[in-house]
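Letter by letter, the chains look like this.
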Amino acid sequence: MSSTLETETSVLQREVEEICKERIKSMKGKEWRLYKTNHETFLLKGLGNLPPSFVALDASKPWLVYWCINSLALLDSTLINDTMIHRVKSTIAACVSEDGGVGGGNGHLAHLAPTYAAINALSIVEPRKNLWPIDKEKLYNWLMSRKTSYGGFSMHVNGEVDTRALYCALCVASLCDIITPELTSGCAEWLSRCQGFDGGIAGSPGNEPHGGYTFCALAALCILGEPRTMISKYLDVDKLLYWLAARQYEIEGGFSGRTNKLVDGCYSFWVGGCFPLLQTITEVPILSAYDLQKYIMTCSQVETGGLADKPGKRPDAYHTCYVLSGLSASIGNYSFSNGSWNSSKKSEIYGGIEPIHPVYNIPMKCYKALSIEAEVM
Amino acid sequence: MSYYWKDYDYTDVVPVPQDDGPDPLCAIIYNDDYKETSGLLRALMKSGEASDRALAITSAVIALNPAHYTVWAYRIDILPKTSQTVEGELAWLESVAEAHPKNYQILQYRSNLLTRMVEGTPNINAECIFVERMLLADSKNYHVWSYRQWLVQQYGLQAPPAIDVELAFVHRMLEDDIRNNSAWNHRFFVLFGIPADPATDEMIARAESEITYAKAAIDLAPDNASPWNYLSAVLKKTNTSLDVVEDFCLKFANIFDTEDTTVEPLIMSRHALALLGDLYAKKQSSKGKTAYQALANKYDPIRANYWSYMAESS
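Each chain carries its own residue numbering, running from 1 in the written order of its sequence. By the order in which they are written, chains take letters starting at A while ligands take numbers starting at 1. Predicted model: local features are reported for residues with pLDDT of at least 70 only, side-chain atom pairs are reported and counted for 80 or more only, and whole-chain, interface and lining totals are derived from all residues. As a rule here, side-chain values cover all heavy atoms of the structure and leave hydrogens and water aside.

**Considerations on the overall build of chain B**
Per the convention used, a helix needs a DSSP run of H or I reaching at least four residues, while a strand needs a run of E reaching at least two, with both numbered from the N terminus. A count of helices and strands for chain B gives 15 helices and zero strands. Here the globule rule is a power law, 2.2 Å times the number of residues to the power 0.38, and the radius of gyration is based on C-alpha atoms. In terms of C-alpha radius of gyration, chain B reaches 27 Å, well past the compact-globule figure of 20 Å for 314 residues. With respect to the principal axes defined by its C-alpha atoms, chain B has extents near 90 × 55 × 30 Å. Buried residues are those whose accessible area, probed at 1.4 Å on protein chains only, stays under 20% of the maximum for their type, while exposed residues exceed 50% and partly exposed ones sit between those limits. Put simply, chain B has 314 residues, and 57% of those count as buried. Across chain B, the fraction of contacts at a sequence separation of at least 24, relative to all contacts at a separation of at least 6, is 61%. Using a 1.4 Å probe, accessible areas were evaluated by the Shrake-Rupley method; residue-level cover was limited to the displayed protein chains. When the accessible surface of chain B is totalled, it reaches about 13,800 Å², and 53% of it is carbon and sulfur. Between the centroid of the 28 positive side chains of chain B and the centroid of its 42 negative side chains there is a distance of 3 Å. Here, two residues are considered to be in contact whenever any of their heavy atoms come within 4.5 Å of each other. A residue counts as positive if it is Lys or Arg and as negative if it is Asp or Glu; His and the chain ends are not included. By convention, charge coordinates are those of NZ in Lys, CZ in Arg, CG in Asp, or CD in Glu.

**Side note on unusual backbone geometry**
Between proline 160 of chain B and the following residue, proline 161 of chain B, the backbone shows a cis peptide bond with an omega angle of 0°. Phi is positive for tyrosine 350 of chain A, which is not a glycine, with a value near 60°. Structurally, the position occupied by tyrosine 350 of chain A is in the loop between β2 (340-343) and α17 (364-376). For tyrosine 350 of chain A, a relative accessible area of 11% puts it in the buried group. For glutamine 284 of chain B, which is not a glycine, the phi torsion comes out positive at approximately 60°. Among the secondary structure elements, glutamine 284 of chain B is positioned in the loop between α13 (270-282) and α14 (286-299). A relative accessible area of 74% means that glutamine 284 of chain B is categorised as exposed.

**Description of the interface of chain B and chain A**
Contacts between the two partners involve 70 residues from chain B and, on the opposite side, 83 residues from chain A. In total, about 6,500 Å² of surface goes out of reach between chain B and chain A, with carbon and sulfur atoms giving 53% of it. Salt bridge, as used here: a side-chain nitrogen of Lys or Arg that lies within 4 Å of a carboxyl oxygen of Asp or Glu. Our count for the contact surface shared by chain B and chain A stands at four salt bridges. Here aspartate 20 of chain B makes a salt bridge to lysine 61 of chain A, at a shortest N to O gap of 3.6 Å. Of all the secondary structure elements, the ones that give two or more residues to the side of chain B that touches chain A are α3 (69-78), α5 (105-117), α7 (142-154), α9 (181-192), α11 (225-237), α13 and α15 (304-313) of chain B. Looking at the side of chain B that touches chain A, the element that brings in the most residues is α11 of chain B, giving seven residues. When residues are sorted by character, Ala, Val, Leu, Ile, Met, Phe, Trp, Tyr, Cys and Pro go into the nonpolar class, Asp, Glu, Lys and Arg into the charged class, and all the rest, Gly among them, into the polar class. The residue makeup of the side of chain B that touches chain A, split by class, is 37 nonpolar, 21 polar and 12 charged. Two parts placed together each lose some accessible area; with a 1.4 Å probe, that loss summed over both constitutes the buried area.

**Describing the domain arrangement of chain B**
A common measure of how large an interface is: the accessible area buried when the components associate. Residue and element names in this part refer to chain B. Residue ranges assigned to each domain were obtained from an automatic or database domain assignment. Assigned domains within chain B: domain 1 (1-84) and domain 2 (85-194). Domain 1 and domain 2 are separated by 29 Å when their C-alpha centres are compared. Contact residues are listed per partner, giving 14 residues for domain 1 and 16 residues for domain 2. Between domain 1 and domain 2, the buried area comes to about 1,300 Å², and carbon and sulfur atoms account for 66% of it.

**Some words on the nonpolar core**
The term nonpolar core refers to a set of buried residues drawn from Ala, Val, Leu, Ile, Met, Phe, Trp, Tyr and Cys, joined through side-chain atoms within 4.5 Å. Counting residues in hydrophobic clusters, the biggest one holds 226 residues, and the most contacted among them are Tyr66 and Leu143 of chain A together with Leu273 of chain B. Apart from the residues lying within four places of it in its own chain, the contact partners of tyrosine 66 of chain A are Ser71, Tyr116, Ala117, Asn120, Ala121, Ile124, Cys321, Tyr322, Tyr360, Asn361 and Ile362 of chain A. If you look at the next biggest cluster of nonpolar residues, it comprises seven residues, including Ile24, Tyr249, Val263 and Cys299 of chain A.

**Quick word on the pairing of strand β1 (residues 334-337) of chain A**
Summarising the sheet, β1 of chain A and β2 of chain A pair through four bridges and their orientation is antiparallel. Paired with serine 335 of chain A across the two strands is asparagine 342 of chain A, which belongs to β2 of chain A. What makes two strands pair is DSSP finding at least two bridges between them.

**What to know about the side chain of glutamate 89 of chain B**
All names here are of chain B. Its place among the elements puts glutamate 89 in helix α4 (residues 86-99). For glutamate 89, a relative accessible area of 0% translates into the label buried. A distance of 2.8 Å separates a polar atom in the side chain of glutamate 89 from a polar atom in the side chain of glutamine 84. Residues in contact with glutamate 89, not counting those within four places in the same chain, are Arg75, Leu79, Gln84, Tyr109 and Leu113. Here a polar contact means two N or O atoms within 3.5 Å. Within protein one must be a hydrogen donor candidate and the other an acceptor candidate, and residues neighboring in sequence count only if both atoms are side-chain atoms.

**What about the packing of aromatic side chains?**
Residue and element names in this part refer to chain A. For Phe, Tyr and Trp, where Trp contributes only its six-membered ring, two rings pair if their centres lie within 6.5 Å, and the inter-plane angle classes them as stacked under 30 degrees, edge-to-face over 60, or tilted in between. Tallied over the entire structure, the rule returns 40 aromatic pairs over all chains. With 6.4 Å between their ring centres and 45° between their planes, tryptophan 32 and tyrosine 350 make a pair best called tilted. Placement of tryptophan 32 in the loop between α1 (8-26) and α2 (36-47) and of tyrosine 350 in the loop between β2 and α17 is noted, with a sequence separation of 318 residues between them. Grouping residues by exposure puts tryptophan 32 and tyrosine 350 together as buried. Connected via pairs of aromatic rings, a cluster forms that spans Trp63, Tyr66, Trp67, Tyr116, Tyr167, Phe215, Phe269, Trp270, Tyr318 and Tyr322. The ring of tryptophan 243 carries arginine 247 above its face, with NZ or CZ at 5.0 Å from the centroid. Two limits define a charge over a ring: the Lys NZ or Arg CZ must be within 6 Å of the ring centre, and within 35 degrees of the ring normal.

**Comments concerning the state of the cysteines**
Among covalent bonds in proteins, the disulfide is the one between the sulfur atoms of two cysteines. A pair of sulfur atoms, both from cysteines and within 2.5 Å, is called a disulfide here. For the structure shown, the criterion picks out zero disulfides over all chains. Note on cysteine 176 of chain A: no disulfide assigned, nearest cysteine sulfur contributed by cysteine 171 of chain A at a separation of 11 Å.

**As for the UniProt feature "domain: Prenyltransferase alpha-alpha toroid" (unreviewed entry) in chain A**
UniProt positions are given in the numbering used here, feature names are shortened, and annotations may be inferred rather than shown by experiment. In this numbering, the UniProt entry assigns the feature "domain: Prenyltransferase alpha-alpha toroid" (unreviewed entry) to residues 34-362 of chain A. Helix makes up 48% of residues 34-362 of chain A and strand 2%. Its end C-alpha atoms lie 19 Å apart.

**Thoughts on the packing of helix α12 (residues 237-246) of chain A against α15 of chain B**
For any two helices packed against each other, the geometry comes down to the angle between their axes and how far apart the axes lie. In the contact formed by α12 of chain A and α15 of chain B, the axes pass within 10 Å of each other and the chain directions differ by 155°. By the angle class used here, α12 of chain A and α15 of chain B are roughly antiparallel. Between α12 of chain A and α15 of chain B the crossing geometry is left-handed. Residue-level inspection shows Asp238, Leu241, Tyr242 and Ala245 of chain A of α12 of chain A in contact with α15 of chain B, the latter providing Tyr306, Trp307 and Tyr309 of chain B. In the contact of α12 of chain A with α15 of chain B, the residues fall into six nonpolar, no polar and one charged. Angular values range over 0 to 180 degrees, each being the angle between N-to-C directions of two axes fitted as lines to C-alpha atoms, with helices fitted over their stretch in contact. We call two directions roughly parallel when the angle between them is under 35 degrees, roughly antiparallel when it is over 145, roughly perpendicular when it lies between 65 and 115, and oblique otherwise. Crossings are classed by handedness, with left-handed meaning an anticlockwise turn of the near helix from the far one by less than a right angle and right-handed meaning a clockwise turn.

Written out as structure tokens, the structure reads:
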């Protein structure tokens, strides 16, 4: 290799590589398995009473519930019992806003992100949609009120317009069976303008490409129509694939969220979760699942419970949810046919993890149960 | 004015307590300050009060939890009815932003403030200084860069003479760290707009000097993905043939230079080899496949699946 100018980015990158190298070495010869019981304990604590330092998440209550419940469901945990199901529903019900959406807490303005988290959490615990504490008509009117004239959505009154907001709106509308041409018109065109110079997709046109926004845009396109057709029509697929593949780092095995940024466990899903959607086009696997799993099992998993950004960081509910979802996405074999997504059966690898629905990020079996109930109703 | 909440009288306000319903999940054990201020806030919001003391309460709650978007939305609505000036508000915002750099709400609020409260063009220079100060602490802060892009779009900073200010700013950021992809993105946005939109004549005229700019950056650090991506993006946007960078790429990946197979090729940058792969694949040359296979087998093994897919489809 030739000489290269060292900068802050390259120095930090080298440091993280060294830390990961050490960690991977220390795990050599040990079996990779999920510390399921410890993760369950960690997540149960996350659903319980939280110390004052959690005040920063006071406007994210439905998120906290979703991250923990989705993680438990992916682990097929028996902790999701009748009492827990009831508590999920009543906790969400307290966050429902008068105008039909869900807020970050009781009395908070309706906001697309907690609305998405709430509908996902409800989908996991309650297959009978008529028992959700949601007024579909009011919700629909509120979703329409979030739509901008140019095809994007704003998170809340006076809120930001970005690909996350659009993805959340479409997921909610789709899961609540209130998606209409009025709601979706202009969305795909707007998303197309969010693809950035290096191939990834940004929060809004002109911003820097980012893993989280890339997943949101791709998954939104998969709701807007037949995935293969929509992705090919509205995105430069060659550039996108190149950018996504470039997110995986050789030494760490995990993904970064942007060019020249550090690896972070949560991108196991935000970036890793793009590949099942793109496999409708590539037909063959693109990421190195083995290397990603190496990062997850050795660098991200914390033996005492929970999963984290990178070695040395404390685990939290957010990272636990997205690392486990990413692990699931990297194991399950996904396809789209006859208008619906299918996955392989539950894998027993690493102690067992449920396949996710690659668009909504809830366990596939919960999604399938929903669909059946909807037909009966 | 400081608008410190304890300077005001709230004895006539009956606090509205938090109501999470029975046996809630993820209930936060709030400290007394948060309990007290958010109880007053809920009461004032309920009655729709627009006053200095209401503004003071929003400051107090935001200081404890700046992610509380409902408070921000309330604050911007009542602001015109308080004694706070736009300058005072901007200064207050700056202090909040510095304390909470990763927050989503602050810069969204700042953009709302400029469009709603300032007639005509705000003090762009002050905004640019604010952005640069924020980037000193975190040079890749996503919200701060997005805010700068909003300023560019909203106030036409991609036109002369403002564009020179933008380019000088990006250049300074890249001098600090040539790998700062946020800065490369901003450069592309300022000069070439949105990749999906068609190029203007002005953009096409910029191609040559920007190719030179990217090449100079690559010479400093050939392993740096950002200027390689920038180079590809400029070529694509301006419909320039990849051929113009063939010799440049061969400098960093001489795999096709020699007929002698016993000589170990010198690959100084896998990005160069990747671009050569695209260049030759486009011309239907078998060298494209050779480049992709070399990446899969030897020079970029973590992406073996990807490069094999590229080799198969080329």
